[in-house]
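One letter stands for each residue in the lines below.
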Amino acid sequence: MENCYSHVIQGRSGATLTLRKTKTIQNRERALEVPLPIIPGSPFCPCQALKLSFDICPSSHNLVSAFMFSSKSKLIPLTYNGFLARLKQSLKSLGYDSSKYSGHSFRRGGATFALECGVPSEIIQTQGDWKSDAYKKYLDPSFTHRQTVMNVFAKALPKMV
């Protein structure tokens, strides 16, 4: 099982998800540990989402897939293709053009969000598990972010003279 219950460790400050196979880890040559923070009261809390998922699909067996969903009263492991299908279905039901989104949207969105939060580029590269500078192609700062950068320049320029 690629990502099973035993690959999730929950603690006081959050959880750690250990991934043994990803886009950048094809042959299990290493593991990627992803820290998941607790975000109290937020609908975006990854630890709360994991807890809800585990409550819905409990397992006492550590080799069962950690990511499951219920379909026709059966628990089914969530695959990449299954995730994309559910994502597109959800986007469509919300009125979005689902053809504009893919699994890569999360890499692009995550890298851009990190940039706009002020995360240094080396950390963005490490967090996204990029070996090269390819992550820079994903960065798409908003106009507001670019405007903030220019305001910093404008404030600093008079001090240079």
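Figured I'd write up the structure that's included with this text. Think of each chain on its own: its residues are numbered from 1, step by step along the sequence as written. The model is predicted, so local features are restricted to residues of pLDDT at least 70 and side-chain atom pairs to those at 80 or more, both for listing and for counting; the totals for chains, interfaces and linings are taken over all residues. To obtain the side-chain values, all non-hydrogen atoms of the structure were included, while hydrogens and water were left out.

Moving on, we come to the overall build of the chain. When helices and strands are tallied, the chain shows five helices and five strands. Mapped from its N terminus to its C terminus, the chain presents α and β elements in the order β-β-β-α-β-β-α-α-α-α. For 161 residues, the compact-globule formula gives about 15 Å, and the C-alpha radius of gyration of the chain, at 19 Å, lies well above that figure. Referenced to the eigenvectors of the C-alpha coordinate spread, the extents of the chain come out at roughly 70 × 40 × 35 Å. The rule is simple: take the accessible area with a 1.4 Å probe, protein chains only, and divide by the maximum for that residue type; under 20% is buried, over 50% is exposed, in between is partly exposed. Sorting the 161 residues of the chain into buried and exposed places 25% on the buried side. Taking as baseline every contact in the chain between residues at least 6 positions apart, the subset at least 24 positions apart corresponds to 41%. Under the convention used here, a 1.4 Å probe and the Shrake-Rupley method define accessible areas, while residue burial counts only the protein chains that appear. When the accessible surface of the chain is split by element, carbon and sulfur atoms take 60% of a total near 11,700 Å². Here the positive residues are Lys and Arg and the negative ones are Asp and Glu; neither His nor the chain ends is included. Here the site of a charge means NZ on Lys, CZ on Arg, CG on Asp, or CD on Glu. Where the 21 positive side-chain charges of the chain centre and where its 10 negative ones centre are 5 Å apart. Helix and strand labels come from DSSP, where a helix needs a run of H or I of at least four residues and a strand needs a run of E of at least two; each type is numbered from the N terminus. We compute the radius of gyration from the C-alpha atoms alone; for a globule the expected value is 2.2 Å times N to the 0.38, where N is the number of residues. Here a residue-residue contact requires only that any non-hydrogen atoms of the pair lie within 4.5 Å.

A word on the state of the cysteines. Put plainly, two cysteines are in a disulfide when a covalent bond ties their sulfur atoms together. The disulfide criterion is simple: two cysteine sulfur atoms within 2.5 Å. Across all of its chains, the model carries zero disulfides by this definition. This cysteine, Cys 45, is not joined by any disulfide, and Cys 47 carries the nearest cysteine sulfur, 5.0 Å off. Exposure remark for Cys 47: the relative accessible area of 12% places this residue in the buried category.

Let us now look at the environment of Lys 136. In this fold, Lys 136 is placed in the loop between α4 (121–127) and α5 (143–160). A relative accessible area of 45% places Lys 136 in the partly exposed class. Note: C-alpha distance between Lys 136 and Ala 111 (25 residues apart in sequence) is 8.4 Å.

In this structure, Lys 72 takes a positive phi of about 55° despite not being glycine. Its location among the elements puts Lys 72 in the loop between β4 (68–71) and β5 (74–77). Owing to a relative accessible area of 78%, Lys 72 belongs among the exposed residues under this scheme. Despite not being glycine, Asp 129 shows a phi value in the positive range, around 60°. Here Asp 129 lies in the loop between α4 and α5.

This brings us to the environment of Ser 102. Relative to the elements of secondary structure, Ser 102 occurs in the loop between α2 (80–93) and α3 (104–116). In this structure, the C-alpha to C-alpha distance between Ser 102 and Leu 84, residues 18 residues apart in sequence, is 6.9 Å. In this view, Ser 102 contacts Leu 84 and Leu 87; residues no more than four positions away in its chain are not counted. Polar contacts, as used here, are pairs of N or O atoms within 3.5 Å; protein pairs need one atom able to donate a hydrogen and one able to accept it. Residues neighboring in sequence count only if both atoms are side-chain atoms. A polar side-chain atom of Ser 102 sits 3.1 Å from the main-chain amide nitrogen of His 104.

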